[in-house]
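Fold and geometry: a report
Listed below are the residues making up each chain.
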Amino acid sequence: MAAYAEPVTDADRAFLAMDTGSVPVQFAAVLELDRRLDPALVTRLLAERVPRTRRLTQRIAARGPVRGPVWQDDGSFTVARHLEVRSCPPPGDGPALTSVAMELVMRRLPRDRPLWRAGAAR
């Protein structure tokens, strides 16, 4: 049986086409919590929940110039390839957290895996 593949949408193609300059075309969100989370717990929770949204476990695969790219299940998917734990520099306030977040979001997402990344600052 062939692996699942779904053609990318026109919107997907537009974002891929725009994501070629020095600044990645990506979305980001920062959640500032009132307590520290154990990275092992975050990894476990993401591993349980991410597969419920199939697109988060798919990568874009090329099929040639005529057929166009498709979303394809990533057989080597693991949450560990998408989660990065970083230390928040002193004084550990909002601007320091924003700095860590900007470092993460300014790195282009690797195209050989699903197009998302989660970061945790401690």
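Scope of this entry: the structure provided in the associated data block. These figures come from a predicted structure and were not determined experimentally. (Residues numbered from 1 in each chain as written. Predicted model: local features only at pLDDT ≥ 70, side-chain atom pairs only at ≥ 80, totals over all residues. Heavy atoms only, no water.)

1. Considering the packing of aromatic side chains
Within the structure shown, the criterion is met by 2 aromatic pairs. Where Phe77 meets Trp116, the ring centres are 6.4 Å apart and the plane angle is 45°; that geometry is what we call tilted. Residue Phe77 is located in the loop between strand S3 (70-73) and strand S4 (83-86), and its partner Trp116 is located in the loop between helix H3 (94-105) and strand S5 (118-121); the two are separated by 39 residues in the primary sequence. In terms of burial, Phe77 and Trp116 fall into one category: buried. (Phe/Tyr/Trp six-rings, centres within 6.5 Å; stacked < 30°, edge-to-face > 60°. Helix = DSSP H or I, 4+ residues; strand = E, 2+ residues; numbered from the N terminus. Buried < 20%, exposed > 50% of the residue type's maximum accessible area, 1.4 Å probe, protein only.)

2. Regarding a nonpolar patch on the surface
A cluster of nonpolar side chains, namely Phe15, Met18, Val25 and Phe27, defines an oily patch on the protein surface of about 420 Å² accessible area. On the secondary structure map, Phe27 appears in the loop between helix H1 (10-18) and helix H2 (39-49). (Patch = residues over 30% accessible without salt bridge, like charges linked within 9 Å, V, L, I, M, F, W, Y side chains within 5 Å. Areas by Shrake-Rupley, 256 points an atom, 1.4 Å probe, with all protein chains shown as cover. Salt bridge = Lys/Arg side-chain N within 4 Å of Asp/Glu carboxyl O.)

3. Some points on the pairing of S4
Where S4 meets S5, 4 bridges bridge the pair, whose relative direction is parallel. Bridge assignment links Arg86 to a residue of S5, and that residue is Ala121. Note on the crossover from S4 through H3 to S5: the handedness is right-handed. (Pairing = 2+ DSSP bridges. Right-handed = clockwise from strand over helix to strand, strands pointing away.)

4. Notes on the side chain of Asp19
Relative to the helices and strands, Asp19 is located in the loop between H1 and H2. Exposure remark for Asp19: the relative accessible area of 9% places this residue in the buried category. Of the polar contacts made by the side chain of Asp19, one reaches the backbone nitrogen of Val25; its length is 3.0 Å. Leave out the neighbours within four places in its chain, and Asp19 touches Pro24, Val25, Arg108 and Arg111. (Polar contact = N/O pair within 3.5 Å; in protein donor to acceptor, adjacent residues only side chain to side chain. Contact = heavy atoms within 4.5 Å.)

5. Remarks on the environment of Val70
Turning to its location among the elements, Val70 is positioned in strand S3. For Val70, the residues in contact, after removing those within four places along its chain, are Ala5, Glu6, Pro7, Val8, Arg59, Ile60, Ala61 and Arg63.

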